[in-house]
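Per-entry structural report
Listed here are the chains, written in short residue letters.
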Amino acid sequence: MKTNILAIADAVPDRELLPRLETIAGGEREALVELVAHLAALDRRPALYAARGFGSLFGYCTQALRLSEDAACNRIDAARACRRFPMILDLLASGDVTLTTIRLLGRHLTPENHALVLARAKRRTRQQIDVMVAELAPRPDVPSSVRPLPALPAPSAPSASPAATNASPAVAFVAPSRPIVQPTSPERYRVQFTIDQETHDEFRRLQALLRREIPDGDPAVIFKRAVKLLLEKVENKKLGITKKPRREKVIRPGTDKPRPRTAPRAVKRVIWRKDVGQCAFVAPDGRRCSEKAFLEFHHVRAHASGGPPTVGNISLRCWRHNQYEAELIFGPHRRETDAPGP
């Protein structure tokens with residue numbers, strides 16, 4: 001029973017778990033490269049899967065190999081790309097690129113640009129790859145629009161009441177897709193999201209009030225101005241960033257005023273610039289955490305141990321590393337499920 005593997009994994013000592021995972025992931029990449037290479041070979045011999053009753057390579061992958069549709073598409077795209085540019089197999093084996101990277105970039109690779117493009121794509125995130133695609137194949141700006149979502153009649157339960165029979169059918173709005181922030185060309189992005197009726201009405205009022213400054217009422221221009229104003233407000237509140245910073249009051253030594261726990265605004269401003277808005281935790285091997293969300297101002301020497309909220313003792317940490325370093329000192333005190341975010 002494969003369910004025993006979970007018990008075996010749970011029994012792995014802490015010192016062995018990460019090295020074992022890295023070994024398994026390396027083996028998975030090697031198996032992936034072997035699968036992609038064999039699919040590339042099968043793609044040139046369609047009679048083999050046709051004789052088995054499959055009308056396409058996709059059908060063979062989803063039915064015979066039991067891959068999901070997405071997994072099949074990714075592997076077929078990679079197989080066809082590596083047939084043109086074999087160096088892709090080495091990049092997949094090393095983990096420098098992923099199947100998603102190859103799927104997105106593959107159609108834009110040419111004999112002239114493939115070496116440079118693939119070198120740039122190493123260890124890039126999905127968002128960074130999207131930007132590269134926008135550079136390789138720029139698209140025109142999307143026209144601004146504000147429109148209602150389409151509505152469909154919602155099925156209703158059968159009723160014997162005549163009044164219910166003659167009533168207008170219930171209406172259900174089509175579920176909106178996930179918000180979109182997508183690069184379309186260098187330094188140009190398409191943004192799409194759904195708002196409720198109240199926000200729509202407020203936007204229309206704002207649009208009317210700004211007609212002198214923005215005669216065409218372009219939502220993109222209003223959105224840009226609104227984001228800038230909100231960012232200034234949030235940065236001022238959370239980071240103490242302002243155009244005219246005031247000097248912090250100096251507390252004379254010997255006073256009875258308790259030592260503050262929260263870092264002063266002047267300290268937050270310095271720390272945010274020093275750590276470049278990113279978690280500053282550095283692992284023993286020199287790797288710095290890359291998180292930029294759920295950041296907190298962390299006391300290097302704990303506040304409970306007398307650590308002051310000064311530039312020399314405050315540093316940015318993501319939620320996880322703030323908790324991790326606290327647990328090193330005070331022991332575990334929160335469950336894993338308490339962590340914010342995905």
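Since the model is a prediction, treat every value here as computed from it, not as a measurement. (Residues numbered from 1 in each chain as written. Predicted model: local features only at pLDDT ≥ 70, side-chain atom pairs only at ≥ 80, totals over all residues. Heavy atoms only, no water.)

1. Section: the overall build of the protein chain
- Scanning the protein chain from N- to C-terminus turns up 14 helices and six strands.
- Out of the 342 residues belonging to the protein chain, those deemed buried represent 27%.
- In the protein chain, of all internal contacts separated by at least 6 residues, the share reaching a separation of at least 24 is 52%.
- When the accessible surface of the protein chain is totalled, it reaches about 25,000 Å², and 56% of it is carbon and sulfur. (Helix = DSSP H or I, 4+ residues; strand = E, 2+ residues; numbered from the N terminus. Buried < 20%, exposed > 50% of the residue type's maximum accessible area, 1.4 Å probe, protein only. Contact = heavy atoms within 4.5 Å. Areas by Shrake-Rupley, 256 points an atom, 1.4 Å probe, with all protein chains shown as cover.)

2. Some thoughts on the packing of helix 12 (residues 219–239) against helix 13 (residues 265–274)
- In the contact formed by helix 12 and helix 13, the axes pass within 8 Å of each other and the chain directions differ by 110°. In terms of orientation, helix 12 and helix 13 fall into the roughly perpendicular class. Here Asn236, Lys238 and Leu239 of helix 12 lie close against helix 13, whose contacting residues are Arg265, Lys268, Arg269 and Trp272.
- Looking at the contact of helix 12 with helix 13, its residues break down into two nonpolar, one polar and four charged. (Axes fitted to C-alpha atoms, helices over the stretch in contact; angles between N-to-C directions. Parallel < 35°, antiparallel > 145°, perpendicular 65-115°, else oblique. Nonpolar A, V, L, I, M, F, W, Y, C, P; charged D, E, K, R; others polar.)

3. With respect to the packing of helix 2 (residues 14–43) against helix 5 (residues 69–84)
- Between helix 2 and helix 5, whose axes approach to 8 Å, the crossing angle comes to 75°. As judged from the angle between their axes, helix 2 and helix 5 are roughly perpendicular. Contact residues: helix 2 offers Leu32, Leu35, Val36, Leu39, Ala40, Ala41 and Asp43, while helix 5 offers Arg75, Ala78, Ala79, Arg80, Cys82 and Arg83.
- Residues belonging to the contact of helix 2 with helix 5 are distributed by class as follows: nine nonpolar, no polar and four charged.

4. Focus: the nonpolar core
- Val36, Ile88 and Ile102 are the most contacted members of the largest nonpolar core, which totals 37 residues.
- When residues of this core are traced back to their parent elements, those giving at least two are helix 2, helix 4 (57–64), helix 5, helix 6 (87–94), helix 7 (99–105), helix 8 (114–121) and helix 9 (126–136).
- Ranked by the residues each element gives to this core, the list is headed by helix 5, at seven residues.
- The residues contacting Ile88, other than those within four sequence positions of it, are Ala81, Cys82, Ile102, Leu109 and Leu118.
- Grouped together as the second largest cluster of nonpolar side chains are five residues, Ala263, Val267, Ile271 and Ile314 included. (Core = buried A, V, L, I, M, F, W, Y, C linked by side-chain atoms within 4.5 Å.)

5. Remarks on the packing of aromatic side chains
- What the rule picks out here adds up to three aromatic pairs.
- Where Phe193 meets Phe223, the ring centres are 6.1 Å apart and the plane angle is 40°; that geometry is what we call tilted. With a gap of 30 residues between them, Phe193 in the loop between strand 4 (188–192) and helix 11 (197–209) and Phe223 in helix 12 connect regions that are remote in the sequence.
- By relative accessible area, which is 45% here, Phe193 ends up partly exposed. (Phe/Tyr/Trp six-rings, centres within 6.5 Å; stacked < 30°, edge-to-face > 60°.)

6. Examining the confidence of the model for the protein chain
- Looking at the protein chain as a whole, the pLDDT averages 84, with 84% of positions reaching at least 70.
- Low confidence marks residues 159–172, where pLDDT is under 50. Its contacts with residues over four positions away, or in another chain, come to eleven contacts. (pLDDT = per-residue confidence, 0-100.)

7. Here we look at the environment of Arg225
- Here Arg225 shows up in helix 12.
- What makes Arg225 partly exposed here is its relative accessible area of 37%.

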